[in-house]
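# Survey of secondary and tertiary structure
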Amino acid sequence: MSKRVGSSRSIAGADTIIRVTLPRFTPEQDPGPNFVALVDNMGISDAGQGSLIDDLPHGTTCVAIRYNAGVMLAGDKRATSGHQISHRTMEKVFPADQFSGIAIAGAAGPALEMVRLFQLQIEHYEKVEGKSLSLDGKANQLSQMIRQNLSQAMLGLAVLPIFAGFDLRLDTGRLFQFDVTGGRYEEASFAATGSGSIHATTVIKMGYEDQLDESAAIELLANAIFEAADEDSATGGPDLIRDVYPIIAKITSDGYEAISDESIASVFSAIIDDRRSKASGGE
Amino acid sequence: MSMPFYVAPEQLMEDRADYARKGIARGRSLIGLSYDEGILIVAENASNTLRKVSEIYDRIAFAGVGKYNEFDQLRIAGVRHADLKGYSFSREDVDARSLANQYAQMLGQIFTHEMKPMEVEILVAEISQDSGNTSGQLFHILYDGTVKDHSDFAVLGGDAEVIFDRFQENYSENLTLPEAINAAITALSGPDRTLEPDDLEVAELSHSNGRRSFRRIEGDELLNFMPS
């Protein structure tokens, strides 16, 4: 039997490539400023059902705190597949738009896709409507995306983000934590997610004060990630050999800004010096 | 059974074009131009909420004249096209030329096949992908789907010809932002009128604004740029 070439059957996956035309809708079908609905409408919605998958890369520890100028997000860079370290430089903290950010833990693939869709959803809304969504509106959108992912979460592909932003209307930084069903919980001081979050939370709890300044906030977050990495095998600490450090970003009334690698490196080297001197009896 | 009157296709097209042109002529004009840091669009627009100029994508802006509801519909279709394309492929794959062609096809289709042509003219502007390169591309699309591309400037709207002549006198390559705004406002207002900041809608595409290069110039900033 010879292989048939040029059969009439379409190539697998070819239907996931959209026809990039100018999408027009009747008023009843119009998705408005909702990008996710637009994607569904165009028939390029995601993933079918699968079986339990547990060897996919997973994201690990992320922490967020409020401080005197807004909020800060921090995350390690390790991704693990089972007991393997699959990535050492995976970013888990992203800007969502100019005044908000998102940090993710959970299955890496769906998490990154959720971040991408969420970023687009906010930008799309802003462009179509001519004004940005409120911070509550953005948090609500994210909670709906997590809820839609529930069936995937039951298969082991849970995504658990922290959403943080500067609310220009209330002139304050705010942060939100989520559960796998899309439950949205606003936190007054700090939030953590991922396998190392228990340890990170303890460190934050011990050191947290209202209205911390920027350097104290960075130090506290770095300590939290450091201790989480020390106790949890799926969380990566500072990697001195490869010069890879966890990410810390701040969101203030000036917008989202990642803290420079150099200043993060110096904070971690101070932590390491401190632990070393304690281990050797204070000398 | 009554027979419909025979109308020559030439006549039909001309009537439609006249109809569209009349609609467009009722509205105010706008100018899109390249200046030394990117692209500037200056529109005469008495409303501060109903926009003529807006953002489509990272490096692409949209401007329309004529009937508001019609060009706004085109604007939203453009945002959808761009966001979907960027989502399915990559952000860098979204370009103005393909968008302009889509618009042209849609407008051409409506012009020939539907009851009423769209009473709009639109501008799709894009700055270069390379952040060191400030040159831009302007696609001017007419109600019947005709596309014209410009790299220097384009004038859209009812008084386009008069404004074009006035603007050509003051235009040169590599104008600075204040010079460009000044030249455009002077050309739009003409010798007998003065335009106030409230009558204008100004926006730029410039790499200095980061990934999303679109930025509105309004309020006090615009006031500083007004011709004295």
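Regarding its fold elements, chain A presents 7 helices and 13 strands. The burial tally for chain A puts 48% of its 283 residues in the buried class. Look at the contacts in chain A between residues 6 or more apart in sequence, and 64% of them connect residues 24 or more apart. Carbon together with sulfur atoms contributes 50% to the accessible area of chain A, which is approximately 14200 Å² in total.

All names here are of chain B. Strand order in the open sheet formed by 5 strands is E8-E1-E2-E9-E10, and the pairing between neighbours is antiparallel. Of all strands in the sheet, those bounded by a partner on one side alone are strand E8 (153–156) and strand E10 (214–217). The average undirected angle you get between the axes of adjacent strands in this sheet is 15 degrees. Those strands touched by helix H4 (residues 160–170) are strand E1 (30–35) and E8, and its axis lies near 150 degrees from that of E8.

The next point concerns the packing of aromatic side chains. Residues and elements named next belong to chain B. On inspection of all chains with the given rule, the structure shows 12 aromatic pairs over all chains. Each ring, one from Phe 111 and one from Tyr 143, has its centre 6.0 Å from the other, and the planes form 50 degrees; the classification is tilted. Remark: Tyr 143 occurs in the loop between strand E6 (136–141) and strand E7 (147–150) and Phe 111 occurs in helix H3 (residues 96–113); sequence separation between them is 32 residues. Of the residues examined, Phe 111 reaches a relative accessible area of 6% and is grouped as buried. Take Tyr 143: its relative accessible area is 7%, and that puts it in the buried class. With 4.8 Å between their ring centres and 80 degrees between their planes, Phe 153 and Phe 167 make a pair best called edge-to-face. Of the two residues, Phe 153 is situated in strand E8 and Phe 167 in helix H4; the sequence distance between them amounts to 14 residues. Judged by relative accessible area, which is 3%, Phe 153 ranks as buried. In textbook terms, an aromatic cluster arises when at least three aromatic residues are bridged by ring pairs, as seen for Phe 153, Phe 164, Phe 167 and Tyr 171.

On to the side chain of Ser 54 of chain B. Residues and elements named next belong to chain B. The topology assignment puts Ser 54 in strand E3 (residues 53–57). Since its relative accessible area comes to 6%, Ser 54 is described here as buried. Not counting chain neighbours up to four residues away, the residues in contact with Ser 54 comprise Ala 61, Phe 62, Arg 75, Phe 214 and Arg 216.

Residue and element names in this part refer to chain A. Between helix H2 (residues 108–129) and helix H3 (residues 135–148), whose axes approach to 11 Å, the crossing angle comes to 140 degrees. In this structure, H2 crosses over H3, and the sense of that crossing is right-handed. Contact residues: Met 114, Leu 117, Phe 118, Gln 121 and Ile 122 in H2; Lys 138, Gln 141, Leu 142, Met 145 and Ile 146 in H3.

Let us now look at the domain arrangement of chain A. Accessible area lost during the coming together of the parts is what is often quoted as the interface size. All names here are of chain A. Taken domain by domain, chain A comprises domain 1 (1–39) and domain 2 (59–279). Between the C-alpha centres of domain 1 and domain 2 the distance comes to 34 Å. Taken residue by residue, the interface counts 6 residues in domain 1 and 9 residues in domain 2. Of the roughly 660 Å² buried between domain 1 and domain 2, counting both surfaces, carbon and sulfur atoms make up 72%. When the buried area of domain 1 at its contact with domain 2 is split by residue, Pro 33, Phe 35 and Val 36 rank highest and sum to 82% of it. Across the domain 1-domain 2 interface, the total number found is 3 residue pairs in polar contact (both at pLDDT 80 or more). Its residues placed into classes, the side of domain 1 that touches domain 2 shows 4 nonpolar, 2 polar and no charged.

Rules and cut-offs
- Residues numbered from 1 in each chain as written.
- Chains lettered and ligands numbered in written order.
- Predicted model: local features only at pLDDT ≥ 70, side-chain atom pairs only at ≥ 80, totals over all residues.
- Heavy atoms only, no water.
- Helix = DSSP H or I, 4+ residues; strand = E, 2+ residues; numbered from the N terminus.
- Buried < 20%, exposed > 50% of the residue type's maximum accessible area, 1.4 Å probe, protein only.
- Contact = heavy atoms within 4.5 Å.
- Areas by Shrake-Rupley, 256 points an atom, 1.4 Å probe, with all protein chains shown as cover.
- Pairing = 2+ DSSP bridges.
- Axes fitted to C-alpha atoms, helices over the stretch in contact; angles between N-to-C directions.
- Phe/Tyr/Trp six-rings, centres within 6.5 Å; stacked < 30°, edge-to-face > 60°.
- Left-handed = near helix turned anticlockwise from the far one by under 90°.
- Domains from an automatic or database assignment.
- Buried area = accessible area lost by both parts, 1.4 Å probe.
- Polar contact = N/O pair within 3.5 Å; in protein donor to acceptor, adjacent residues only side chain to side chain.
- Nonpolar A, V, L, I, M, F, W, Y, C, P; charged D, E, K, R; others polar.

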